[in-house]
Amino acid sequence: MKKILFIIMSVCALFTACKIDEPDKDLKRVVFDPGNLKFISTSLNTKKETSSALYGNQKALESLSNENNQLKMGSEIKLVTWKYHENPQYIGGTITGELLSVETIKTDKIGNISYQIQNSSKTENFQPNKEERIKYIMSYKPVVRP
C-alpha cells in the first residue's frame, strides 16, 4: 500500500512540476526597421523605464561628430524610443517592448530643419517643444566602436 501511495504521489508531483509558462505572451515587441540609416547611439531612462536608439545617415553621423553640432545639409536622424521590460530569460536584463515614439529630424538642401514625431503609445499624445527636442537629439554623441 505504501508503494502505491508513493507512486501516486510521485506521478502527481511530476505533473504539477511540469507547468509550461509563456512569459513573453503579454509583451508587444515591435522591431524598428531603420532602412538605410545606421546606428549612432543609445540611451536609457530608468525613471520612465524607456530605452532609445539614435539612427542617422552618414551626414548626420558627421554632424554629431563635430564640436559645433550643426546639422549638415541632407542629414536625417531618427530617435526611436521603446518601453523596456525585464527579460524573463535572464535575471537583471531588460528587453525592448512597446514602441513609444519615433522622432525624425531632416535637413533639406537649403539647410531648413524639420522635426516630426510619431507617437505609437496612446498614453503619450503630447507635442514637445521642437527646438528643445532638436537640441536634445543633437546632444547625442556617436558611440565609438573599435
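Since the model is a prediction, treat every value here as computed from it, not as a measurement.

Undergrad: How would you summarise the nonpolar core if you had to cite specific residues and measurements?
TA: Judged by nonpolar contacts, the single largest core of 14 residues is most densely connected at Leu54, Leu64, Ile77, Ile105, Tyr115, Ile137 and Met138. If you list the elements that add at least two residues to this core, you get α2 (58-65), β3 (76-86), β5 (113-119) and α3 (130-138). By size, the runner-up hydrophobic cluster in this structure holds 8 residues, among which are Leu37, Val80, Leu99 and Val102.

Undergrad: Pulling in residues and values, what's your account of the pattern of salt bridges?
TA: Enumeration over the complete set of coordinates arrives at 2 salt bridges. Glu62 is paired through a salt bridge with Lys72; the nearest N and O atoms lie 2.9 Å apart. Here Lys72 lies in the loop between α2 and β3 and Glu62 lies in helix α2, a separation of 10 residues in the sequence. Residue class for Glu62 comes out partly exposed when judged on its relative accessible area of 32%. The residue Glu103 makes a salt bridge to Arg133 at a minimum N-O spacing of 2.7 Å.

Undergrad: I'd love a proper account of the pairing of β3, names of residues and values included.
TA: As paired elements, strand β2 (residues 50-56) and β3 share 7 bridges and run antiparallel to each other. Of the residues in β3, the one forming a bridge with Ser51 is Trp82. Across 10 bridges, the pairing between β3 and strand β4 (residues 94-107) is antiparallel. Considered in β4, the bridge of Lys78 is made with Thr104.

Undergrad: How would you summarise the sheet that holds β5 if you had to cite specific residues and measurements?
TA: Strand order in the open sheet formed by 5 strands is β1-β2-β3-β4-β5, and the pairing between neighbours is antiparallel. The sheet is open, and its two edges are formed by β1 (38-45) and β5, each paired on a single side. Ignoring strand direction, the axes of neighbouring strands in this sheet form an average angle of 20 degrees.

Undergrad: An account of α2 is requested, with residue identities and associated values reported.
TA: Listed as buried for α2 are Ala60, Ser63 and Leu64. Buried residues in α2, looked at end-on, bunch into an arc of 95 degrees, giving them a common side. Buried residues along α2 sit against β1, β2, β3 and α3.

Undergrad: Tell me about the packing of aromatic side chains, residues and numbers included.
TA: Tallied over the entire structure, the rule returns 2 aromatic pairs. Where Phe39 meets Tyr55, the ring centres are 6.1 Å apart and the plane angle is 75 degrees; that geometry is what we call edge-to-face. A residue pair is termed long-range when its members are at least 10 positions apart, and Phe39 in strand β1 and Tyr55 in strand β2 qualify at 16 residues. Relative accessible area serves as the criterion here: at 31%, Phe39 is assigned to the partly exposed category. Consider the rings of Tyr136 and Tyr140, whose centres lie 5.5 Å apart with planes at 80 degrees: the pair is edge-to-face. The class of Tyr136 is partly exposed, set by a relative accessible area of 38%.

Scoring rules and cut-offs
Residues numbered from 1 in each chain as written. Predicted model: local features only at pLDDT ≥ 70, side-chain atom pairs only at ≥ 80, totals over all residues. Heavy atoms only, no water. Core = buried A, V, L, I, M, F, W, Y, C linked by side-chain atoms within 4.5 Å. Buried < 20%, exposed > 50% of the residue type's maximum accessible area, 1.4 Å probe, protein only. Helix = DSSP H or I, 4+ residues; strand = E, 2+ residues; numbered from the N terminus. Salt bridge = Lys/Arg side-chain N within 4 Å of Asp/Glu carboxyl O. Pairing = 2+ DSSP bridges. Axes fitted to C-alpha atoms, helices over the stretch in contact; angles between N-to-C directions. Arc of directions from axis to C-beta. Contact = heavy atoms within 4.5 Å. Phe/Tyr/Trp six-rings, centres within 6.5 Å; stacked < 30°, edge-to-face > 60°.

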